[in-house]
Amino acid sequence: MNTTLKPILFVLTSHATKGASGEPTGYYLSEVTHPLEELDKADIAVEFASIAGGEPPVDGLDMNDPVNARYWNDDKFRAAIRQTHRLADIDANRYSGIFFAGGHGTMWDFPDSPAVQQVTRDIYEAGGLVSAVCHGPSALVNVKLSDGSYLVEGKQVSAFTDDEEREVNHENTVPFLLASTLEQRGAHHQPAPNWTAHVVVDGRLITGQNPQSASGVGMALREAITATMQS
């Protein structure tokens, strides 16, 4: 394990249902395992937090995905996932970056979380990296910097598109459309065709569009961390 670099904090949703539909959800497993695999390749330490702490609900439990299967059957990974830190208890100074995994649950508990807003601002303003994939950028819609501006204002971002939300028939289930809301905050949302891998890097902000983009976000995060270590 690289002991010269502070860990990356992976944040997962604690919300288990898709609004009034009652349909189960949670964090999307491949949006954790695929970025994690990329960081593991560089021996970069990762710690896990969730909004409520403890074991968060999981969605996308696809064991035909070999990366999912490898991590899900790994005792160390499962123990870490069962014992996530409560985000409100996190000391942001301990981390070199933060990553918000997606899953529809994030749309309900990420945006208005004071802990999300505080920890993200603290890490970013300390020179750290902020990253997210798919619905994970819902964490960023209400994050403001110390000067009162939105973190995403004026920045290039990627996130689950409104068209993708309509394609999965959840445009009236989610509390808001993510891409449109990011644009309302002053972000420049960069969409790619539905279900294609797409990662956008704007300085220390790294975002990806959908589950297909999870590995790419992990790669970009790894590259940014490696560049920081070499500078």
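Preceding this paragraph is the structure being described.
Residues numbered from 1 in each chain as written. Predicted model: local features only at pLDDT ≥ 70, side-chain atom pairs only at ≥ 80, totals over all residues. Heavy atoms only, no water.

Section: helix α8 (residues 214–230)
Taking 1.5 Å per residue, 17 residues should reach 24 Å; α8 reaches 25 Å between its end C-alpha atoms and fits that length. Along α8, the positions that sit buried rather than exposed are Ala214, Ser215, Val217, Gly218, Ala220, Leu221, Arg222 and Ile225. Those residues of α8 that are buried lie in contact with β1 (8–12), α1 (30–41), β6 (97–100), β7 (129–133), β10 (199–202) and β11 (205–208). (Helix = DSSP H or I, 4+ residues; strand = E, 2+ residues; numbered from the N terminus. Expected span 1.5 Å × (residues − 1). Buried < 20%, exposed > 50% of the residue type's maximum accessible area, 1.4 Å probe, protein only. Contact = heavy atoms within 4.5 Å.)

A few points about the pairing of β1
Put simply, side chains in a regular strand alternate between the two faces of the sheet. Within β1, five of the five residues are buried, which leaves it mostly tucked inside the rest of the structure. Here β1 shows a buried face lined by Ile8, Phe10 and Leu12 and a second buried face lined by Leu9 and Val11. Bridge analysis of β1 against strand β3 (residues 46–50) gives five bridges, and the strand direction is parallel. When the sheet's bridge partners are listed, isoleucine 8 is paired in β3 with valine 46. Relative to β6, β1 runs parallel, the two sharing four bridges. Bridge pairing in β6 links isoleucine 8 to glycine 97. (Pairing = 2+ DSSP bridges.)

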